Amino acid sequence: MRNTPYTGPNGTNDFDSLTPHGAARMLNSYRLLGDCFELSDDEDMFGRGWLIEGWRDLLKGQQAKFERAEREMVAAVRLARNEGVSWSEIATVLQLPVNEVRARFDQPAPERG
């Protein structure tokens, strides 16, 4: 886990001049961002805090990463099955129930044309 980051000079905060509703919304936004980055280390976070204006910044480019991860996972499961690995062992590695893994990945490879 990261060390507690420096958050600015004492005596100021992001909640100055906010209504209770506005402060609650901002606090919830901080909590959600914290959930997003809780496993990141200092190197992963270096400079990112200043670049995140909102949810759109977090989503930019994520679809391409998601699609790549999905392709890699499908390929890895097919490789494992080709090598005789059981669905149970694959499910253990993915930390998912066997029936969910099998339902998701036990499909024929797409035709190459």
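Residues numbered from 1 in each chain as written. Predicted model: local features only at pLDDT ≥ 70, side-chain atom pairs only at ≥ 80, totals over all residues. Heavy atoms only, no water.

A. Region of interest: the overall build of the chain. Within the chain, the regular secondary structure consists of six helices and zero strands. Listing the helices and strands of the chain from first to last along the sequence gives α-α-α-α-α-α. Considering only contacts within the chain whose residues lie at least 6 apart along the sequence, 34% involve residues at least 24 apart. (Helix = DSSP H or I, 4+ residues; strand = E, 2+ residues; numbered from the N terminus. Contact = heavy atoms within 4.5 Å.)

B. Fine view of the packing of helix H4 (residues 62-82) against helix H5 (residues 87-94). In contact at an axis separation of 10 Å, H4 and H5 are set at 145° when each is read in the N-to-C sense. The handedness of the crossing between H4 and H5 is right-handed. Mapping the contact onto sequence places Met 73, Val 77, Ala 80 and Arg 81 in H4 and Trp 87, Ile 90 and Leu 94 in H5. Residue composition of the contact of H4 with H5, by class: six nonpolar, no polar and one charged. (Axes fitted to C-alpha atoms, helices over the stretch in contact; angles between N-to-C directions. Left-handed = near helix turned anticlockwise from the far one by under 90°. Nonpolar A, V, L, I, M, F, W, Y, C, P; charged D, E, K, R; others polar.)

C. Molecular detail of H5. Among the residues of H5, Trp 87, Ile 90 and Ala 91 are the ones counted as buried. Seen end-on, H5 carries its buried residues on one side only, within an arc spanning 100°. Relative to its buried face, H5 has exposed residues pointing more than 90 degrees away, namely Thr 92 and Val 93. Here the buried face of H5 lies against H4 and helix H6 (98-105). Directly beyond the C-terminal end of H5, a positive phi value near 55° is found at Gln 95. (Buried < 20%, exposed > 50% of the residue type's maximum accessible area, 1.4 Å probe, protein only. Arc of directions from axis to C-beta.)

D. Layout of the nonpolar core. Val 74, Val 77, Ala 80, Val 85, Trp 87, Ile 90, Ala 91, Val 101 and Phe 105 form the largest nonpolar core, which has nine residues in total. Within the residue set of this core, elements represented by two or more residues are H4, H5 and H6. Dropping the residues within four chain positions of it, Phe 105 is found in contact with Met 73, Val 74, Val 77, Trp 87 and Leu 94. (Core = buried A, V, L, I, M, F, W, Y, C linked by side-chain atoms within 4.5 Å.)

E. Representation of H4 in the model. Its 21 residues place the ends of H4 30 Å apart at the C-alpha level, agreeing with the 30 Å of an ideal helix rising 1.5 Å per residue. Buried within H4 are the following residues: Val 74, Val 77 and Ala 80. Down the axis of H4, the buried side of the element spans an arc of 130°, and every buried residue falls inside it. Exposed side chains of H4 directed beyond 90 degrees from the buried face belong to Ala 64, Lys 65, Arg 68, Arg 71 and Asn 82. (Expected span 1.5 Å × (residues − 1).)

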